[in-house]
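# Inside the fold
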Amino acid sequence: MRHRIQLPMEEYKSLSQNEAFFYLTHDNGEKEKILFHDYARIYQTPKLYEQIFYDRLRCKSPQVVTDILYKALKTENKNFTELRVLDFGAGNGLMGEALDTYGVARLVGADIEAMAREAAHRDRAGVYDEYYVRDFTQLSENQISEIQDWGFDCLTTVAALGFGDIPVKAFHQAMNLINENGWVAFNIKESFITPNDQSGFSKYIRQLILSEHWEVHFIERYKHRLSLEGVPLYYYAIVARKRSHIPESLLPQS
Ligand SMILES: C[S@@+](CC[C@H](N)C(=O)[O-])C[C@H]1O[C@@H](n2cnc3c(N)ncnc32)[C@H](O)[C@@H]1O
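Residues numbered from 1 in each chain as written. Predicted model: local features only at pLDDT ≥ 70, side-chain atom pairs only at ≥ 80, totals over all residues. Heavy atoms only, no water.

To continue, consider helix H6 (residues 114-123). Since the α-helix advances by 3.6 residues per turn, residues separated by three or four positions end up pointing in the same direction. Within H6, the full set of buried residues consists of Met115, Ala116, Ala119, Ala120 and Asp123. Burial along H6 is one-sided: seen end-on, the buried residues are contained in an arc of 140°. Buried residues belonging to H6 abut helix H2 (39-44), helix H3 (48-56), strand S5 (106-111) and strand S6 (130-133). (Buried < 20%, exposed > 50% of the residue type's maximum accessible area, 1.4 Å probe, protein only. Helix = DSSP H or I, 4+ residues; strand = E, 2+ residues; numbered from the N terminus. Arc of directions from axis to C-beta. Contact = heavy atoms within 4.5 Å.)

Looking now at the packing of helix H4 (residues 61-75) against helix H5 (residues 94-102). Running from amino to carboxyl end, H4 crosses H5 at an angle of 40°, the nearest separation of the two axes being 9 Å. As far as their axial angle goes, H5 and H4 are oblique. Considering the relative orientation of H4 and H5, their crossing is right-handed. Within the contact between the two elements, H4 uses Pro62, Gln63, Val65, Thr66, Asp67, Leu69 and Tyr70 and H5 uses Leu94, Met95, Ala98, Leu99, Thr101 and Tyr102. In terms of residue class, the contact of H4 with H5 is made up of nine nonpolar, three polar and one charged. (Axes fitted to C-alpha atoms, helices over the stretch in contact; angles between N-to-C directions. Parallel < 35°, antiparallel > 145°, perpendicular 65-115°, else oblique. Left-handed = near helix turned anticlockwise from the far one by under 90°. Nonpolar A, V, L, I, M, F, W, Y, C, P; charged D, E, K, R; others polar.)

Pairing within the open sheet is mixed, and its seven strands lie in the order S6-S5-S4-S7-S8-S10-S9. Single-partner strands in this sheet number two, and they are S6 and strand S9 (214-226). For this sheet, the mean inter-axis angle between neighbouring strands, taken without regard to orientation, is 20°. As judged from the five bridges shared by strand S4 (residues 84-88) and S5, these two strands associate in the parallel manner. Following the sheet pairing, Arg84 is matched in S5 by Arg106. Contacts from helix H8 (residues 168-175) reach S4, strand S7 (154-157), strand S8 (183-189), S9 and strand S10 (232-242), with the element oriented near 155° to S7. (Pairing = 2+ DSSP bridges.)

This is the structure we're talking about:
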């Protein structure tokens, strides 16, 4: 079923990416204003997320990140299907679905929103072996060991870093929950890795690249999706290998 959605172009001109919204018209004619970042609300309505971000704004990131991860493993003669993946910021499971096209050994989702897990189970039943609703900046010792028991050797995070979504500290925690020599595949808006970035990602990622804890295998600049005005938004897709535990000292000072 197609939803009746409206993107009010005129109203966007003064808004930043995280203030953007759209209208959903219900069957009774009522118009609801929904923020792009109100994921809990968007996931409540089946196929609304896909219709906005994937059909209308042509997001391709899950496939792009999956494909470069696949290429990176192939270059190293590693078997993609043996990966044990933690998909962080998994939402309703589009990255899980993309990984599933090649097949992986284990796939666990994690998100801060309970509604994301509900939607993933509803829309992509069976894609995830487990799905945790957790704030990774507040994990207890038990929760940490429960996640570590999966023996993850790959972390994926797609369309979920920055903009009031996953902060550096949570991403850092997620990377340290995968094994040494594990893979890290994610995307990030290009402005987040420029020197004047305020989110902390730029400094963190540049330090990682220069450190002995990380080895970069692929970086690709690509069109993540269209902006509301129809202009391409460029992101970097990055695949790296975590060589050793990443120290807290690399985190930006708050
Ligand atoms: C744009 S969606 C991307 C979902 C999915 N990865 C995809 O590619 O379709 C961003 C997701 O990040 C989640 N998120 C935001 N902040 C988070 C946090 N601190 N920890 C975990 N997930 C978070 C949101 O709930 C949302 O499901």
